[in-house]
Amino acid sequence: MVLPADAKPGTPAPTYFNLYEDIIYEIGLTPNRMDAMSHWGVARDVCAYLNHHENKELTPLRPATPSLPASNSEHPITVQVENKNACPRYSGISIEGIQVRPSPEWMQQRLQAIGLRPINNIVDVTNYVQHETGQPLHAFDADKLSGDLRVRLAGKDKELKTLDGVVRKLNESDLIISDEKQPLALAGTMGGEHSEVTEKSSRLAIEAARFNPQYVARNSRQHILSSEASRRLERGVDAAIAQYASARALDLLIELGNATYVGSSQSGTVRMPNGVEIDSKEISNLLGMEISVKEIVRLIEKIGCLVEIKGEHLKVTPPSWRFDLSHYSD
């Protein structure tokens, strides 16, 4: 490597290049634990572990983010969800005046630490929030849209050129995001080249959605296409996190790109997991040790569940991020 003439011989490379030094933990997850596929999710489990094993009272903290304000424009980009089974929850925000530029060094360093290549402040913010909260985000160049966004099946649309430069033939059952004229993205899998954010972009529509995992998995398999977003969405994401992730991205885009908020569009409601009936005696039998109802309740509440005691039986309602806790099983 040829360095500038003013580089002082003997200077340690980390010092000269101002390299980021940190501790990185690698964890292994089973497919059902998508809720821990984010820094926020891991923090919840670490707190639960320390609270139980070290008798601590720790609560995971996340950046304080205000609720999305009311629209300050009569014409924010809105979304129409035509297939609510395929997309139970959609949160979108519109911004303008964004200045596309490199992200600050601290964000680039954090993304590089987890194996991501910094692109620009828009792409980096969507990646940063995705890994922080577990909620995938996608940015559309609003100036390239013809009307509002739509979540629908491809139907008669024939093809879509995705961000990797590949022209993909669409199946009628593919779940897509479109405007009033053409497909824009394979929902939950990859965006399209037509609405790609570039250095000239100034108006954006930011998507945070919870798609039906079956539709995302089908998109991914049929087009042999996997992404960070699809790996999360095809396993399911927290139904209650979309609006927070949108607000978090908005805060960062205002800070890092001088963006101006235009408005938001919400579709669907947060559907909480169903309660599960369990028998405390059966739990002791399965564990091979006696464990009291009080202790069972304490442990279950540590991972965010609500518990209703009915004698020796318990009704457990999982938190929004633990939809894998759907039934009693031995």
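As a reminder, the structure under discussion sits directly above these lines.
Just so you know, these numbers come straight off a predicted model, no measurement behind them.

What counts and what doesn't
- Residues numbered from 1 in each chain as written.
- Predicted model: local features only at pLDDT ≥ 70, side-chain atom pairs only at ≥ 80, totals over all residues.
- Heavy atoms only, no water.
- Helix = DSSP H or I, 4+ residues; strand = E, 2+ residues; numbered from the N terminus.
- Buried < 20%, exposed > 50% of the residue type's maximum accessible area, 1.4 Å probe, protein only.
- Contact = heavy atoms within 4.5 Å.
- 1 Å grid on protein atoms, 1.4 Å probe; cavity = no way out; pocket = protein on both sides within 12 Å on 5 of 7 lines; lining within 4 Å.
- Points joined across faces, edges and corners; volume = space filled by probe spheres on them.
- Nonpolar A, V, L, I, M, F, W, Y, C, P; charged D, E, K, R; others polar.
- Pairing = 2+ DSSP bridges.
- Axes fitted to C-alpha atoms, helices over the stretch in contact; angles between N-to-C directions.
- Salt bridge = Lys/Arg side-chain N within 4 Å of Asp/Glu carboxyl O.

Asks: Honestly, the side chain of H138 in this entry has me stumped. Any pointers?
Replies: Here H138 is to be found in strand β3 (residues 137-141). In this structure H138 comes out as buried when scored by relative accessible area, which is 18%. Other than its neighbours up to four places away in sequence, H138 contacts L163, G191, A205, I206 and E207.

Asks: Can you help me understand the layout of surface pockets in this one?
Replies: To locate leftover empty space, one rolls a probe as large as a water molecule over the atoms. For the largest pocket, the calculated volume is near 1,300 Å³. Along its surface, the largest pocket is lined by 35 residues, and Y25, S38, H39, V42 and I114 are the ones closest to its centre. Those elements that place two or more of their residues in the lining of the largest pocket are α2 (39-53), α3 (105-113), α4 (121-133) and α6 (228-233). For the lining of the largest pocket, the class distribution of residues is 21 nonpolar, 5 polar and 9 charged. In this model, the second largest pocket occupies a volume close to 760 Å³. Taken together, 32 residues form the lining of the second largest pocket, with V123, N127, L137, H138 and L163 sitting closest to its centre. At the level of elements, α4, β3, β8 (183-186), β9 (190-191), β10 (204-210) and α6 are the ones that each hand at least two residues to the lining of the second largest pocket. Among the elements that make up the lining of the second largest pocket, the one with the highest residue count is α4 (5 residues). Partitioning the lining of the second largest pocket into residue classes produces 17 nonpolar, 9 polar and 6 charged.

Asks: Would you mind showing me how to read the sheet that holds strand β12 (residues 276-279) here?
Replies: Strand order across the open sheet formed by 3 strands is β12-β14-β13, with antiparallel pairing between neighbours. Each of the sheet's edge strands pairs with one partner strand only, and the pair in question is β12 and β13 (306-310). Each strand axis lies, on average, 25 degrees off the axis of its neighbour in the sheet, ignoring direction. In terms of strand pairing, β13 meets strand β14 (residues 313-317) through 5 bridges, oriented antiparallel. Paired with I309 across the bridge in β14 is L314. The strands that helix α9 (residues 293-302) touches are β12, β13 and β14; relative to β13, the one it contacts most, it runs at about 160 degrees.

Asks: Got a minute to help me understand the pattern of salt bridges in this structure?
Replies: Side chains that differ in charge, positive against negative, can pair when their charged atoms come close. Taken as a whole and assessed by the stated rule, the structure comprises 18 salt bridges. Taking the shortest distance from any N to any O, the salt bridge between R152 and D157 comes out at 2.6 Å. D164 serves as the salt-bridge partner of R168, at 2.5 Å between the closest nitrogen and oxygen. Given a relative accessible area of 11%, R168 falls into the buried group. One network of salt bridges, with partners in common, ties together R33, D35, D45, R322 and D324.

This is a description of form; function is not addressed.
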